[in-house]
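Single-letter residue listing:
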Amino acid sequence: RSRRGGIGNTGSGMDVPSAAGLGGADPQLQRFIEVETQKQRFQQLVHQMTELRWEKCMDKPGPKLDSRAETCFVNCVERFIDTSQFILNRLEQTQKSKSAFSESLSD
């Protein structure tokens, strides 16, 4: 089985056009494309991390998970949840600081 490239390699064969390449396009369309591109990159990263975790945790496939593999997968899921929560909190802080900055400019 061949391994895929690093995080920058999508491996999907599909390239999403960047919003920067749309020059004079509608700003809402540009923003939509940026958001969708970010979603696609996140999904690809999750897929790659899942593949890496599978290879790390699963020594030999069998009818049941042994306790080592189960513990490894549980730890991976917990770290994923922790990281997701951290990112959400960081995004909320960024949005709040942007809103506070915008309000201070309008005063």
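Model, not experiment: these values are computed from the prediction.

J.: So what exactly am I meant to see when it comes to the packing of aromatic side chains here?
T.: The relation between two aromatic rings is expressed through the spacing of the ring centres and the mutual angle of the planes. Under the definition given, this model contains one aromatic pair. Ring geometry for Trp54 versus Phe73: centroids 5.5 Å apart, planes at 35°, classification tilted. Pair noted here: Trp54 is in helix H1 (residues 27-57) and Phe73 is in helix H2 (residues 67-106), with a separation of 19 residues, a long-range link. We classify Phe73 as buried; its relative accessible area is 19%.

J.: Sorry, what's going on with a nonpolar patch on the surface here?
T.: Together, Phe42, Val77, Phe80 and Ile81 line one region of the surface with nonpolar side chains, adding up to about 380 Å² of accessible area. If you tally residues by element for the nonpolar patch, the top one is H2, at three residues. Position of Val77 among the secondary structure elements: in helix H2.

J.: What am I meant to see in the pattern of salt bridges here?
T.: Any two side chains of opposite charge can pair, on the condition that their charged atoms come close. Taken as a whole and assessed by the stated rule, the structure comprises four salt bridges. For Asp59, the salt bridge goes to Arg68, with nearest N and O atoms at 3.0 Å. Classification of Asp59 by relative accessible area gives exposed; the value is 57%. Residue classification places Arg68 among the partly exposed residues on the basis of a relative accessible area of 39%. When the shortest N-O distance is used, the salt bridge between Arg79 and Asp82 registers 2.8 Å. You can see Arg79 and its partner Asp82 sitting in helix H2, three residues apart, about one turn around the helix.

J.: Would you mind going over H1 with me for this structure?
T.: Three- or four-residue spacings in an α-helix give side chains the same orientation, since the helix completes a turn every 3.6 residues. The terminal C-alpha atoms of H1, which comprises 31 residues, lie 44 Å apart, in line with the 45 Å expected from a rise of 1.5 Å per residue. Looking at H1, one finds that the buried residues are Gln30, Ile33, Thr37, Gln44, Gln48, Glu51 and Cys57.

Definitions and cut-offs
- Residues numbered from 1 in each chain as written.
- Predicted model: local features only at pLDDT ≥ 70, side-chain atom pairs only at ≥ 80, totals over all residues.
- Heavy atoms only, no water.
- Phe/Tyr/Trp six-rings, centres within 6.5 Å; stacked < 30°, edge-to-face > 60°.
- Helix = DSSP H or I, 4+ residues; strand = E, 2+ residues; numbered from the N terminus.
- Buried < 20%, exposed > 50% of the residue type's maximum accessible area, 1.4 Å probe, protein only.
- Patch = residues over 30% accessible without salt bridge, like charges linked within 9 Å, V, L, I, M, F, W, Y side chains within 5 Å.
- Areas by Shrake-Rupley, 256 points an atom, 1.4 Å probe, with all protein chains shown as cover.
- Salt bridge = Lys/Arg side-chain N within 4 Å of Asp/Glu carboxyl O.
- Expected span 1.5 Å × (residues − 1).

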